[in-house]
Amino acid sequence: MRNNSPFIYKRRYIVLKLDRIDRKILTLMQQDARISNLELAEQIGLSPSPCSRRVKALEDAGLILGHVTLLNPERLNLKLTAHIHVTVDKHTPERLDNFNQAVSQMPEVLQCALITGNDADYMLTVMVPDMEHYQRFLLEKLTRIDGVNGVRSSFVLRQIKQQTALPLDHLK
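This structure is a prediction, so every number in the text was calculated from the model and none was measured. (Residues numbered from 1 in each chain as written. Predicted model: local features only at pLDDT ≥ 70, side-chain atom pairs only at ≥ 80, totals over all residues. Heavy atoms only, no water.)

**Remarks on the side chain of Asp22**
As a reminder of what qualifies: Numbering of helices and strands starts at the N terminus; helices are DSSP runs of H or I of at least 4 residues and strands are runs of E of at least 2. Working rule for contacts: check all heavy atoms of both residues, and any pair within 4.5 Å makes them a contact.
By the secondary structure assignment, Asp22 is in helix H1 (residues 20-31). Here Asp22 is in contact with Lys17, Arg54 and Leu58, once residues within four sequence places are set aside.

Next up, the structure:
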């Protein structure tokens, strides 16, 4: 019996084996999530049915998490981006969970990462219309989270590069 599974099983880990067509599908879908199956199939050189099956397999494998619409922040008057380093007073699971849950509920926070190698515990990326909104976010939301001990902000003057597409060249 031939195994057509895109998975290689090694001990407890599942390692995905992606071929050139899978990588091309992922690349094209990252460039345009609204690409039709017909257009995708044409660009990768497959007929629509096998193309659709491959996309479904990539979704089932958890490689494709969803599809998004990217909005223009300036057209929505979101002109101020801040990178905020946050320190917390205690590194207990409860304190960190509390912080994680609180920032997860804040729409201004685009990204939140627990970090190391810095004078901070978290790094947030926040987007707001202006400095007044930033001050309100800082004083009325972020610093009111139990355990927030320090906040250091940097503001983006100009965005040089921003992309959502993940690099796939290492999969060759």
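Here the narrative resumes, following the displayed structure.
**What about unusual backbone geometry?**
This is how the line gets drawn: Burial status follows relative accessibility: with a 1.4 Å probe on protein chains alone, a residue under 20% of its type maximum counts as buried, one over 50% as exposed, and anything between as partly exposed.
Even without being glycine, Asn77 reaches a positive phi, approximately 60°. Mapped onto the secondary structure, Asn77 falls in the loop between helix H3 (48-60) and strand E3 (80-88). With relative accessibility at 42%, the residue Asn77 sits in the partly exposed group.

**Quick look at the nonpolar core**
What counts here: Each nonpolar core is a collection of buried residues, namely Ala, Val, Leu, Ile, Met, Phe, Trp, Tyr and Cys, held together in the definition by side-chain atoms within 4.5 Å.
Ranked by internal contacts, the top residues of the largest apolar core, which has 20 residues, are Ile84, Val86, Phe99, Leu124 and Leu142. Ranked by the residues each element gives to this core, the list is headed by E3, at 5 residues. Not counting the four nearest positions on each side in its chain, Ile84 is found in contact with Tyr122, Met123, Leu124, Val126, Tyr134, Phe137, Leu142, Val151, Arg152 and Ser153. Of all hydrophobic cores here, the second largest spans 15 residues; its members include Ala41, Ile44, Cys51 and Ile64.

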